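Overview (structure and organization)
Chain residues, written in single-letter form:
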Amino acid sequence: MYCAENPVTITAHIRLTPLFTACRGQDGAIFGDYLFRFENDGRCFVFSLKEQKQIAEFCIDKTDLLKPHSNAVAFGAERYDEADEFPLLYTNIYNNYARQEERLEGVCCVYRITRAGHAFSGTLVQVIRIGFVEELQLWKSLPGREDVRPYGNFVPDVFRDKMYAFLMRDKEQVTRYFSFRLPRLAEGEMCDRWGVRVVTLQKEDILSQFDDAYMHYMQGACAYDGKIYSAEGFDMNHPGQVNHPAIRVIDMDAGKQLQYFDLYAQGKTLEPELMDFAGDTLYYMDVTGNTYAVTFE
């Protein structure tokens, strides 16, 4: 569990090397030469990292039934078909249904991404959801709708074969992290409502759990070799805004936050969004599409 004595490295120097300007959007994911930038309505814009330009646009299917906000997006390792070019893609509902009676808290959608030339498509193939979102000792921290963001980010870790889920808990002012075994595509119960299998993760499925420093409105995230790289914060150009754009690094094996990078202190004022690796290089993109390669110093 998180305590004040846990060490947090605050590093003022993180180098962001400008690459190119993409489009506005939420989080996204990288596979090979392709960077997929998602919006909160199911649209996706595909960019070539080599050519540094947009090459395609498409919309994932069934958005009339289930529309992810894509606050956190990442590719896994399993493929729908062994011959598929891309592995399964994971993206979360987050707060898209915040004003609905059923808010779909703790829900992650899984898609099969296919390509024919520069024509891409995304097909819903599975849903993963948390089965204990109403348990105040585990997921939410406050009753009713009092937590500001009880929705949860999800990121698969292909190095550890795990699924990480994490959320802001307002009662204790901490971020809570969970790790689970990454569900297989064949698992889950068939759901007539969405036409795919639904895997429900229960408390007995939790492999590890811990609390650490409070994230100030989590944004895009990815996992790489046992660590979560998560962006947070809002656009500091808005009057009165205090939630700085920042990046946190959390060691899921050790169960603690390793580093906090205040991007606002380095002149970055725009809302952070996309975080993902291509090889050993971490890419970062803000809300307007400014894209950078990240170097930790």
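Everything below is about the structure printed above this text.
A brief report on the enclosed structure follows. (Residues numbered from 1 in each chain as written. Predicted model: local features only at pLDDT ≥ 70, side-chain atom pairs only at ≥ 80, totals over all residues. Heavy atoms only, no water.)

Moving on to the overall build of the chain. On a plain count of helices and strands, the chain comes out with zero helices and 23 strands. Within the chain, the fraction of its 297 residues that count as buried is 56%. A fraction of 57% describes how many contacts in the chain between residues 6 or more apart in sequence connect residues 24 or more apart. With 31 positive and 44 negative side-chain charges, the chain shows a separation of 1 Å between the mean positions of the two kinds. (Helix = DSSP H or I, 4+ residues; strand = E, 2+ residues; numbered from the N terminus. Buried < 20%, exposed > 50% of the residue type's maximum accessible area, 1.4 Å probe, protein only. Contact = heavy atoms within 4.5 Å. Lys, Arg positive; Asp, Glu negative; His and termini not counted. Charge placed at Lys NZ, Arg CZ, Asp CG, Glu CD.)

Here we take up the sheet that holds strand β22 (residues 281-286). Strand order in the open sheet formed by four strands is β2-β23-β22-β21, and the pairing between neighbours is antiparallel. This sheet does not close on itself; its edge strands, each paired only once, are β2 (14-21) and β21 (272-278). On average, each strand axis in the sheet is inclined to that of its neighbour by 30°, with strand direction left out of account. (Pairing = 2+ DSSP bridges. Axes fitted to C-alpha atoms, helices over the stretch in contact; angles between N-to-C directions.)

Right, let's talk about the sheet that holds strand β6 (residues 53-59) for a bit. Ordered in space as β3-β4-β5-β6, the four strands form an open sheet in which the pairing is antiparallel. Unpaired on one side and paired on the other, β3 (28-31) and β6 mark the two borders of the sheet. Taking each pair of neighbouring strands and ignoring which way they run, the sheet shows an average axis angle of 20°. Note: β3 against strand β4 (residues 34-38), four bridges, orientation antiparallel.

In this structure, aspartate 27 sits in the loop between β2 and β3. For the buried aspartate 27, no salt bridge is present, and the opposite-charge side chain at shortest range is arginine 37, 6.6 Å distant. Excluding anything up to four places from it in sequence, aspartate 27 contacts Phe36, Arg37, Phe38, Ser70, Asn71, Ala72, Val73, Gly220, Ala221, Glu273, Leu274 and Met275. (Salt bridge = Lys/Arg side-chain N within 4 Å of Asp/Glu carboxyl O.)

As a further point, take the pairing of β22. Every other side chain in a regular strand lies on the same face of the sheet, so the side chains alternate between the two faces. Summarising burial for β22: five of the six residues are buried, a large majority. Sheet topology note: the β21/β22 ladder contains six bridges and is antiparallel. Opposite methionine 275, over in β22, you have tyrosine 284 as the bridge partner. Between the end of β21 and the start of β22, which pair antiparallel, lie two residues, with glycine 279 showing a positive phi angle near 65°. Across four bridges, the pairing between β22 and strand β23 (residues 290-296) is antiparallel. Paired with leucine 282 across the two strands is valine 294, which belongs to β23. Count of turn residues in the β22/β23 antiparallel hairpin: three residues, of which glycine 289 carries a positive phi of about 105°.

With that out of the way, let us pick up the state of the cysteines. Inspection of every chain in the model, using the stated rule, returns zero disulfides. Just so you know, cysteine 44 is unpaired, no disulfide at all, and the nearest cysteine sulfur is the one on cysteine 23, 8.4 Å from it. We classify cysteine 44 as buried; its relative accessible area is 0%. Unpaired in terms of disulfides, cysteine 59 finds its nearest cysteine sulfur in cysteine 44, a separation of 9.4 Å. (Disulfide = S-S within 2.5 Å.)

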